[in-house]
Amino acid sequence: MIYCDTSVIVAALLPGVETQRVKAWLRAQPAGALAISDWVDTEVASALSIKVRTGAVSPDGRLAADRTWASMARSLFTVLPVERAHFGRAARFAASPAPALRGGDALHLAMAIETGGMATLDRRLREASTVYAVSLPL
């Protein structure tokens, strides 16, 4: 199973440099191969709101992205529960001076360790994934 962080989801939802590559990669994955956590919902909502506030996305574009995300979340991903142990592992990652991770990214990494694989477009999270021996298929 491959855990997808928020950067992958946002790239699939909004036009950008990586959009076509990410969409093609997502379509190529077998059923049941992709996972997210409930934390991804929070970060997707935040990322889309930031895009609206900065004028990168219109309110109508946000609504369209929300609808697409609701459909994607149900059809493509297994939602993994975030448990106390994940928060503890994430806290240890966030406390480590290298690679320096923010709390949300540390939680993504803690979830990805459970699945053994992570899809991310975030440079810092990619670096941390290699430190902790998490496979990076995207």
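Residues numbered from 1 in each chain as written. Predicted model: local features only at pLDDT ≥ 70, side-chain atom pairs only at ≥ 80, totals over all residues. Heavy atoms only, no water.

## Looking at the sheet that holds strand β3 (residues 77–80)
Then comes step 1: Strand order across the open sheet formed by four strands is β3-β2-β1-β4, with parallel pairing between neighbours. Each edge of the sheet is formed by a strand with only one pairing partner; in this case those strands are β3 and β4 (118–119).
Then comes step 2: Across four bridges, strand β2 (residues 34–37) lies against β3 in parallel orientation. Bridged to L34 within β3 is F77. (Pairing = 2+ DSSP bridges. Helix = DSSP H or I, 4+ residues; strand = E, 2+ residues; numbered from the N terminus.)

## Considerations on the environment of V40
Then comes step 1: When you line up the elements, V40 lands in helix α3 (residues 38–53).
Then comes step 2: A relative accessible area of 0% means that V40 is categorised as buried.
Then comes step 3: Taking the C-alpha atoms as reference points, V40 and D5, separated by 35 residues in sequence, lie 6.7 Å from one another.
Then comes step 4: Sequence-distant contacts of V40, defined by excluding residues within four places in its chain, comprise Y3, C4, T6, I9, W69 and H108. (Buried < 20%, exposed > 50% of the residue type's maximum accessible area, 1.4 Å probe, protein only. Contact = heavy atoms within 4.5 Å.)

## Some thoughts on the packing of helix α1 (residues 6–13) against helix α2 (residues 19–28)
Then comes step 1: Packing of α1 against α2 brings their axes to within 8 Å, and their N-to-C directions diverge by 110°. Between α1 and α2, the angle is such that the two are roughly perpendicular. For the pair α1 and α2, the contacting residues are V8, A11 and A12 in the first and T19, V22, K23 and L26 in the second.
Then comes step 2: Grouping the constituent residues of the contact of α1 with α2 by class yields five nonpolar, one polar and one charged. (Axes fitted to C-alpha atoms, helices over the stretch in contact; angles between N-to-C directions. Parallel < 35°, antiparallel > 145°, perpendicular 65-115°, else oblique. Nonpolar A, V, L, I, M, F, W, Y, C, P; charged D, E, K, R; others polar.)

## Focus: helix α4 (residues 59–76)
Since the α-helix turns once every 3.6 residues, residues separated by three or four places project in the same direction.
Then comes step 1: With 18 residues, α4 should reach 26 Å at 1.5 Å per residue; the first-to-last C-alpha distance of 25 Å fits that figure.
Then comes step 2: Inspection of α4 places R62, A65, W69, M72 and A73 among the buried residues, and these make up the whole buried set. One side of α4 holds all its buried residues, which, seen down the axis, span an arc of 95°. Along α4, the residues that are exposed and aim more than 90 degrees away from the buried face are D60, R67, R74 and S75.
Then comes step 3: Looking at the buried residues of α4, the elements they touch are α1, α2, β2, α3 and β3. (Expected span 1.5 Å × (residues − 1). Arc of directions from axis to C-beta.)

## Considering the packing of aromatic side chains
Then comes step 1: In the structure shown here, the tally under the stated rule is one aromatic pair.
Then comes step 2: Here the aromatic rings of W69 and F77 are separated by 5.9 Å at their centres, their planes lie at 55°, and the arrangement is tilted. (Phe/Tyr/Trp six-rings, centres within 6.5 Å; stacked < 30°, edge-to-face > 60°.)

## Digging into the pairing of β2
Then comes step 1: Side chains L34 and I36 of β2 all project onto a buried face; the interleaved residues A35 and S37 project onto the opposite face, where all are buried too.
Then comes step 2: Judged from the two bridges that link them, strand β1 (residues 2–4) and β2 form a sheet pairing that is parallel. When the bridges of β2 are listed, Y3 appears paired with A35.

## Re the pattern of salt bridges
Then comes step 1: All told, the structure shown has four salt bridges when counted by the stated rule.
Then comes step 2: Notably, a salt bridge pairs R62 with D66, separated by 3.0 Å at the nearest N-O pair. With a gap of four residues between them, R62 and D66 both fall in helix α4, about one helical turn apart.
Then comes step 3: Of the charged contacts in the structure, one is a salt bridge between D105 and R102, with a shortest N-O distance of 3.4 Å. (Salt bridge = Lys/Arg side-chain N within 4 Å of Asp/Glu carboxyl O.)

## Here we look at the packing of α3 against α4
Then comes step 1: One can describe the packing of α3 onto α4 by two numbers: an axis separation of 9 Å at closest approach and a directional angle of 165°. Of the possible angle classes, the one that applies to α3 and α4 is roughly antiparallel. Remark: the crossing between α3 and α4 carries right-handed chirality. Where α3 abuts α4, its residues V40, D41, V44, A45, L48, S49 and V52 lie against P59, R62, A65, D66 and W69.
Then comes step 2: Of the residues that constitute the contact of α3 with α4, the class distribution is eight nonpolar, one polar and three charged. (Left-handed = near helix turned anticlockwise from the far one by under 90°.)

In short, shape yes, function no, at least from these values alone.
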